[in-house]
Amino acid sequence: MQFENSLSFAQQLDKQDSLAKFRNEFHLLQKDGKPAVYLCGNSLGLQPKNVRAAIDQELKDWADLGVEGHFDGKNPWMYYHHFLTEKAAKIVGAKPSEVVIMNNLTANLHLMMVSFYRPTKTRYKIMMEVSAFPSDQYAMETQARFHGFNPEDAIIELKPREGEYTLRTEDIIATINANKEELAIVMMGGVNYYTGQAFDMKTITKAAHAVGAIVGFDCAHAAGNLQLQLHDWDVDFAVWCTYKYLNSGPGGTSGVFVHERHGNNPDLVRFAGWWGHDEKERFQMKKGFKPMEGAAGWQLSNAQIFPMAIHKASLELFDEAGIENLRAKSEKLTGYLEFILNEVNGGLSGVEGKHFTIITPKTPAERGCQLSIIVKENGKKLFDYLNENGIMPDWREPDVIRMSPVPMYNSFEDVYRIGEALKQYFNH
Ligand SMILES: *Cc1c(COP(=O)(O)O)cnc(C)c1O
């Protein structure tokens, strides 16, 4: 599509946008009495307005019913995860039985590693992207140690080529093949949090399976951002958080995907708790763990109703909008941001521009909504300037500004305003 850097053009795109109405479903931030351009949906999504009523409902049931809320509440707490799985499954491209909402992300990652990282003396290596999100690095490092391995030896880090910022799929495949005897598991991000690169999960999964390795993805930056097909891609497991693109509040709950070929295997090693036990017998308090079928069999504790109530409300908006429609708008919105950035930067993309370099891949299939830029001189100063002027990207050490226009509540006019602020900064 032919873009133009003008307010009227941006407003025209907003008029044609069938998802534009969802912006009103969120509490937009204000800066000096004007709506700010919020670009941190990759870190903490904005609050959906329907969340308050959802929490109030659970507070009311607790106040009125006490423990009976487990069975007599409007949304009986005993079965709460069921109210989330269908809509969550659509977001990640899974069957409802392959998905469960529970705990927090890093805790779930460890639970999945318990089941899926079963190293032997010879096949024990974990492959991940270099500079993965720190929590994932620490999780993999300590998993290796837990099994008696030295992380320096057990963890293979995928590094971009000299002078490049992102990974090439061909290099990922080559590394898988080069380690075919020793590779136990590939555990990487679906979208890298720093560069915004979306990995080719389907191709990676196929290559890893071909050498007998397991594949798990941390979809923290992919869920609610890309159109995932975890089931069809044959991914073994995945985890994600719900507070980033899924707008489910600080410290919000997390999602887990376990492919059905594993989920219905009760012999798979796992750390269990009573909420993963066969629901029909859960309150018989019997000895002997009998897991529920599917991902639900990995639950530990009784449901965290408040974070889950927020997630339930948020998922209703995703269901109404449709992840495929959101993704279609997202490609256009981020394409527009790229166009505007390139204009400010002297018309160049991917290569070094006048003021900054966009390090996120140019191909829409290789990215979500986020663009990451490295500014040539004093990036932190530009970041501070943008914030003072009502544009809110985020800053990641050592040198990246991340901007994530999200299709659910950002507008084309937002993107236009980013360009205006950048022009002012670089021209004064
Ligand atoms: C945001 C994020 C986390 C955060 O983990 P929590 O357990 O939710 O605190 C972990 N890994 C990745 C890849 C992330 O993007």
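To start, this report covers the structure provided alongside it. (Residues numbered from 1 in each chain as written. Predicted model: local features only at pLDDT ≥ 70, side-chain atom pairs only at ≥ 80, totals over all residues. Heavy atoms only, no water.)

**Quick notes on the overall build of the protein**
For clarity, the threshold we go by: We count a stretch as a helix when DSSP gives it H or I for four or more residues in a row; a strand needs E for two or more, and each element gets its number in order from the N terminus. The globule rule used here is 2.2 Å times the number of residues to the 0.38 power, and the radius of gyration it is set against is calculated over C-alpha atoms. Each residue is assigned to one of three classes by its accessible area relative to the maximum for its type, calculated with a 1.4 Å probe on protein chains only: buried under 20%, partly exposed between the two thresholds, exposed over 50%. Here, Shrake-Rupley sampling with a 1.4 Å probe gives the accessible areas, and only protein chains in the shown set may cover a residue. Under the counting rule used here, the positive set is Lys and Arg, the negative set is Asp and Glu, and His together with the chain ends is not counted. By convention, the charge on Lys lies at NZ, on Arg at CZ, on Asp at CG and on Glu at CD.
In terms of helices and strands, the protein carries 14 helices and 15 strands. Whereas a compact globule of 428 residues would reach a radius of gyration of roughly 22 Å, the protein reaches 22 Å, a difference of no more than 12%. By its C-alpha atoms, the protein is 70 × 60 × 35 Å across when sized along the principal axes. Per-residue burial for the protein yields a buried fraction of 57% across its 428 residues. As displayed, the protein has an accessible area near 18,400 Å², and 50% of this comes from carbon and sulfur atoms. Distance between charge centres in the protein, computed from 45 positive and 54 negative side chains, equals 0 Å.

**Structural notes on empty space enclosed by the protein**
Using a probe with the size of a water molecule, rolled over the atoms, empty space left in the structure can be pinpointed. We apply this condition: A cavity here means a set of points on a 1 Å grid, drawn over the protein atoms and nothing else, where a 1.4 Å probe fits but cannot get out; a pocket is an open set with protein on both sides within 12 Å along at least five of seven lines, and a residue lines either one if it has an atom within 4 Å of a point. Grid points are joined across faces, edges and corners, and a volume is the space filled by probe spheres set on the points.
Tallied over the full model, the rule gives one cavity of 30 Å³ or more. Taken as a whole, the largest cavity spans an internal volume of roughly 60 Å³.

**A word on the layout of surface pockets**
Which entries qualify depends on this criterion: Residue type decides the class: Asp, Glu, Lys and Arg count as charged, Ala, Val, Leu, Ile, Met, Phe, Trp, Tyr, Cys and Pro as nonpolar, and the leftover types, Gly among them, as polar.
Taken as a whole, the largest pocket holds about 280 Å³ of empty space. Surrounding the largest pocket, 17 residues form its lining, A198, F199, D200, A365 and E366 being those nearest its centre. Of all the secondary-structure elements, those providing two or more residues to the lining of the largest pocket are α9 (201–210) and α12 (323–344). Taken together, the residues that form the lining of the largest pocket break down as eight nonpolar, three polar and six charged.

**Focus: the site of the ligand**
Basically, it comes down to this: Near, as used in this document, describes a residue that has one of its heavy atoms within 4 Å of the molecule or strand being considered. Throughout this description, a polar contact denotes any pair of N or O atoms lying within 3.5 Å of each other; where both atoms belong to protein, one of them has to be capable of donating a hydrogen while the other can accept it, and for residues adjacent in sequence the pair is counted only when both atoms sit in side chains.
Near the ligand the following residues occur: L105, T106, F133, S135, D136, D218, A220, H221, Y243 and K244. Side-chain polar atom of H221 to an oxygen atom of the ligand: 3.2 Å apart, as the coordinates give it. Take Y243: an N or O atom from its side chain is 2.5 Å from an oxygen atom of the ligand. Out of a free accessible area of 390 Å², the ligand has 83% covered by protein chains. Of the residues belonging to the shell around the ligand, the class tally is four nonpolar, three polar and three charged.

**Here we look at the pairing of strand β12 (residues 371–375)**
Note the following rule: Strand pairing is assigned whenever DSSP identifies at least 2 bridges connecting the two strands.
Most of β12 sits out of view: five of its five residues are buried. Here β12 shows two buried faces, one formed by L371, I373 and V375 and the other by S372 and I374. Pairing geometry for strand β11 (residues 356–358) and β12, over three bridges, is antiparallel. From the neighbouring strand, I358 faces β12, where its bridge partner is I373. Note: β12 against strand β15 (residues 400–403), four bridges, orientation antiparallel. Looking at β15, one finds that L371 is bridged to M403.

**Things to note about the pattern of salt bridges**
Selection rule: Each reported salt bridge corresponds to a side-chain nitrogen of Lys or Arg within 4 Å of a carboxyl oxygen of Asp or Glu.
Throughout the structure, instances matching the rule amount to 24 salt bridges. One salt bridge in this structure joins D278 and K290, with 3.3 Å as the shortest N-O distance. In this pair, D278 is assigned in the loop between α10 (260–263) and α11 (305–321) and K290 in the loop between α10 and α11, connecting sequence segments 12 residues apart. For D278, a relative accessible area of 11% translates into the label buried. Notably, a salt bridge pairs K290 with E281, separated by 2.9 Å at the nearest N-O pair. Given the relative accessible area of 39%, K290 is considered partly exposed.

**Section: the side chain of T253**
The following threshold applies: Contacts are assigned to residue pairs with any non-hydrogen atoms lying within 4.5 Å of each other.
Among the structural elements, T253 can be located in the loop between β9 (237–241) and β10 (254–258). When sequence neighbours within four positions are dropped, the list of residues in contact with T253 reads I101, M102, N103, C241, T242, Q304, P307, M308 and H311.

**What to know about helix α6 (residues 134–146)**
Heads up, the condition is: By this rule, a helix spans an expected 1.5 Å times one less than how many residues it contains. Regarding the arc, it is the one traced by the directions from the helix axis to the C-beta atoms.
The terminal C-alpha atoms of α6, which comprises 13 residues, lie 18 Å apart, in line with the 18 Å expected from a rise of 1.5 Å per residue. Considered for burial, the residues of α6 that qualify are D136, A139, M140, Q143 and A144. Buried residues along α6 cover an arc of 130 degrees about the axis, so they all sit on one side. Exposed positions of α6 whose direction lies more than 90 degrees from the buried face are Y138 and F146. Where α6 is buried, its residues touch α5 (105–116), β5 (125–129), α7 (151–154), β6 (155–158), β7 (183–189) and β8 (214–218). Downstream of α6 by a residue or two, G148 has a phi angle that is positive, lying close to 85 degrees.

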